[in-house]
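Residues per chain, in single letters:
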Amino acid sequence: MPANLPAEARGKLAKYSEAKTPEEKIKALEEFLSSVPKHKGTENLVYWARRRLAELREEIELRKRKKVGGGLQLFVEKSGSAQAVLLGPPNVGKSSLLAKLTNAKPEISPYPYTTKLPMPGMLSFEDIQFQLVDTPPLNVEELESSLNNRVIGLARNADALLIVFSGDLPDLKGVARRTLELLEDRGIVISRTMGVVRIKKSREVEGIRVVGRGRLVGFTEEDLRKLLSEYRIYNAIVEIEGDVTLDDVESSIITSRVYKPSIVLLNKVDLGTRGLEELMSLLPKDVPVIPVSAERGDNLHIIGRALFEVLDVIRVYTKNPNKEPDPHPLVIKRGSTVLDVAEMVHKKLAENFKYARVWGRSAKYPGQRVGGGHVLEDKDIVEIHA
Ligand SMILES: Nc1nc2c(ncn2[C@@H]2O[C@H](COP(=O)(O)OP(=O)(O)O)[C@@H](O)[C@H]2O)c(=O)[nH]1
Ligand SMILES: [Mg+2]
């Protein structure tokens, strides 16, 4: 997204990001569109604003319909350790994969656009379960379709994405490229290497604080402060991941990009593995590509593990003194500490924390006594003393 916006247009965008209701947002965007000069440099921004307007109008429309009763099911309530959405163009076998991987029984047919509503099912991985959600197809020919908006909504709400293509697509590379562009365009980032910026406005911080594991590319914190002040943001935590440019910061002020851990599945490899290499060359290095066949079963058994890995989580089993560990693990972000676990179990437990004993990979010896800052590993057993 371009910089070099006139102050007036920036002010309107600031108004948009401050707006609370869809109605207020629509008003701010309309004003923005009438104040922004239209040229090459603002093209993407104008495109984004028009689309956002359409989404907001649809949101209002849907809400009205819901009120009269005939509500469309838009979101699927999460269950299990994480929710992963199956998405992709028509007829690649998304519903077939859901049927093979889970207990769900979606409708499968050789005709495109058979799937009209999201459908969940549970996938077991060792001692945990992931919820998979089948979705209507993405239309990569008509990016603005309202069905696309719905699928994107589901994706933004999910914890991870399973992006499905199939070797029998006539123009696999083109379709894959447009799918990735569609996601990126709608603020969904599928790779950790792409810059992600989250700006949390907060009165509790003094000025602008930069946190996270990312890197500022081609600008300083002073430049950042200056840009944010032009959007009337003076107190905020700016969280960055990956390589971040000043343009990334500017687009995140208005479009809020999110990182979704993703796996690409190339389905129907029973018909041949054509396209696998092309697909891999198109994708960022940290996005795994798995050739699968819903029909023949190839590689279906490794999807659970792959999801577990891209989600970057670990399992921790809590136990009480002199008791067996809880058979149901807590699933938490990799890098979490004993105190994070205490907090998840109960706020009081964290407040009154004294020490813990740990068994497993992170312990030097079974039952090691550790403090709250001790970093846990997958399958550790933790006994918290408070
Ligand atoms: N040969 C082959 N056909 C498949 C495979 N998976 C799905 N199909 C077929 O592809 C068509 C579309 O499948 P469906 O699951 O409805 O695709 P969706 O539109 O992506 O949900 C159906 O005729 C399926 O039988 C596969 O692994 N191999
Ligand atoms: Mg389907």
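Structure: above.
All figures in this text were calculated on a predicted structure; none of them were measured in a lab.

Colleague: Mind laying out the overall build of the protein chain, listing which residues take part and the relevant values?
Modeller: For the protein chain, the helix and strand inventory stands at 12 helices and 18 strands. A compact globule built from 386 residues should have a C-alpha radius of gyration of about 21 Å, and the protein chain, at 23 Å, falls within 12% of that. Projected onto the principal axes, the alpha-carbon positions of the protein chain cover approximately 70 × 60 × 50 Å. A total of 386 residues make up the protein chain; the buried ones form 49% of that total. When the accessible surface of the protein chain is split by element, carbon and sulfur atoms take 51% of a total near 19,300 Å².

Colleague: Provide a residue-level description of the coordination of the magnesium ion (ligand 2), including the pertinent values.
Modeller: By definition of the ideal shapes, four donors in a tetrahedron about a metal sit 109.5 degrees apart, and six donors in an octahedron sit 90 or 180 degrees apart. Each protein donor to the magnesium ion (ligand 2) is listed here as Ser95 (OG) and Thr115 (OG1); together their distances run 2.0 to 2.2 Å. Of this pair, Ser95 sits in helix 4 (residues 94–101) while Thr115 is found in the loop between helix 4 and strand 2 (119–125), placing the two residues 20 residues apart along the sequence. The exposure class of Thr115 is buried, given its relative accessible area of 15%.

Colleague: Summarise the packing of aromatic side chains; cite the residues concerned and give the values.
Modeller: When we look at a pair of aromatic rings, we describe it by the centre distance and by the angle of the planes. Inspection of the entire model under this criterion finds three aromatic pairs. With a centroid separation of 5.6 Å and an interplanar angle of 85°, the aromatic rings of Tyr16 and Trp48 are classed as edge-to-face. Linking Tyr16 in helix 1 (residues 7–18) with Trp48 in helix 3 (residues 43–67), this pair joins segments that are 32 residues apart in sequence. Pair check on accessibility: Tyr16 and Trp48 agree, each one buried. Ring plane angle 40° and centroid distance 5.2 Å describe the contact between Phe125 and Phe308, whose orientation is recorded as tilted. In this pair, Phe125 is assigned in strand 2 and Phe308 in helix 10 (residues 303–311), connecting sequence segments 183 residues apart. According to the relative accessible area criterion, Phe125 is buried, its value standing at 6%. Each member of the aromatic cluster is reached from another via a ring pair, and the members are Phe125, Phe130 and Phe308. In this structure, Arg315 packs its charged tip against the face of Phe308, placed 4.7 Å from the ring centre. Here the basic side chain of Arg369 rests over the ring of Tyr355, its NZ or CZ set 3.6 Å away from the ring centre.

Colleague: So what's going on with the site of ligand 1? Which residues, and what values?
Modeller: The environment of ligand 1 is made up of 16 residues, and the closest members are Asn91, Lys94, Ser95, Ser96 and Asp270. In this structure, Asn267 approaches ligand 1 through a side-chain N or O atom, which is 3.2 Å from a nitrogen atom. Protein burial of ligand 1: of its 580 Å² of free accessible surface, 86% is covered by the chains. Looking at which element gives the most residues to the shell around ligand 1, the answer is helix 4, with three residues. Looking at the shell around ligand 1, its residues break down into five nonpolar, seven polar and four charged.

Colleague: I'd love a proper account of the side chain of Arg52, names of residues and values included.
Modeller: By the element assignment, Arg52 lies in helix 3. By relative accessible area, which is 18% here, Arg52 ends up buried. A distance of 2.9 Å separates a polar atom in the side chain of Arg52 from a polar atom in the side chain of Tyr16. Once residues within four sequence positions are removed from consideration, Arg52 is found in contact with Tyr16, Leu29 and Glu59.

Colleague: If you had to explain the nonpolar core to someone new, which residues and values would you point to?
Modeller: Counting residues in hydrophobic clusters, the biggest one holds 59 residues, and the most contacted among them are Leu97, Phe130, Leu162, Phe165, Ile190, Leu265 and Leu307. Counting 34 residues, the second largest nonpolar core, distinct from the first, contains Leu5, Leu29, Phe32 and Ala49.

Colleague: Now, about the environment of Leu97: what can you tell me, with residues and values included?
Modeller: The topology assignment puts Leu97 in helix 4. Its relative accessible area of 0% is what places Leu97 among the buried residues. Counting along the chain gives 198 residues from Leu97 to Glu295, while the straight-line C-alpha distance between them is 8.6 Å.

Colleague: Break down the sheet that holds strand 15 (residues 330–333) for me, citing the residues and quoting the values.
Modeller: The strand order across the open sheet built from five strands is 15-14-18-16-17, with neighbouring strands paired in mixed fashion. Because the sheet does not close on itself, it has two edges, and the strands there are strand 15 and strand 17 (368–370). Averaged over all pairs of adjacent strands, the angle between strand axes in this sheet comes to 40°, irrespective of strand direction. Across four bridges, the pairing between strand 14 (residues 313–319) and strand 18 (residues 380–385) is parallel. In the strand pairing of strand 18, Val316 is matched with Asp380. Its contacts with the sheet place helix 11 (residues 338–345) against strand 14, strand 15, strand 16 (355–359), strand 17 and strand 18, and it is angled at close to 130° to strand 15.

Colleague: Could you give an account of the packing of helix 1 against helix 2 (residues 22–35), naming the residues involved and the relevant values?
Modeller: Two elements in contact, helix 1 and helix 2, have axes separated by 8 Å at closest approach and are oriented at 170°. Comparing the axis directions of helix 1 and helix 2 gives the class roughly antiparallel. In the crossing of helix 1 with helix 2, the sense of the turn from one axis to the other is left-handed. Contact with helix 1, carried on its side by Glu8, Ala9, Lys12, Leu13, Lys15 and Tyr16, involves Lys25, Ala28, Leu29, Glu31, Phe32 and Ser35 of helix 2 and no other residues of that element. In terms of residue class, the contact of helix 1 with helix 2 is made up of six nonpolar, one polar and five charged.

Cut-offs applied
Residues numbered from 1 in each chain as written. Chains lettered and ligands numbered in written order. Predicted model: local features only at pLDDT ≥ 70, side-chain atom pairs only at ≥ 80, totals over all residues. Heavy atoms only, no water. Helix = DSSP H or I, 4+ residues; strand = E, 2+ residues; numbered from the N terminus. Rg over C-alpha atoms; globule rule 2.2 N^0.38 Å. Buried < 20%, exposed > 50% of the residue type's maximum accessible area, 1.4 Å probe, protein only. Areas by Shrake-Rupley, 256 points an atom, 1.4 Å probe, with all protein chains shown as cover. Donors = N, O, S within 2.8 Å, 3.2 Å for Na, K, Ca; no water. Phe/Tyr/Trp six-rings, centres within 6.5 Å; stacked < 30°, edge-to-face > 60°. Lys NZ or Arg CZ within 6 Å of the ring centre and 35° of its normal. Near = heavy atom within 4 Å. Polar contact = N/O pair within 3.5 Å; in protein donor to acceptor, adjacent residues only side chain to side chain. Nonpolar A, V, L, I, M, F, W, Y, C, P; charged D, E, K, R; others polar. Contact = heavy atoms within 4.5 Å. Core = buried A, V, L, I, M, F, W, Y, C linked by side-chain atoms within 4.5 Å. Pairing = 2+ DSSP bridges. Axes fitted to C-alpha atoms, helices over the stretch in contact; angles between N-to-C directions. Parallel < 35°, antiparallel > 145°, perpendicular 65-115°, else oblique. Left-handed = near helix turned anticlockwise from the far one by under 90°.

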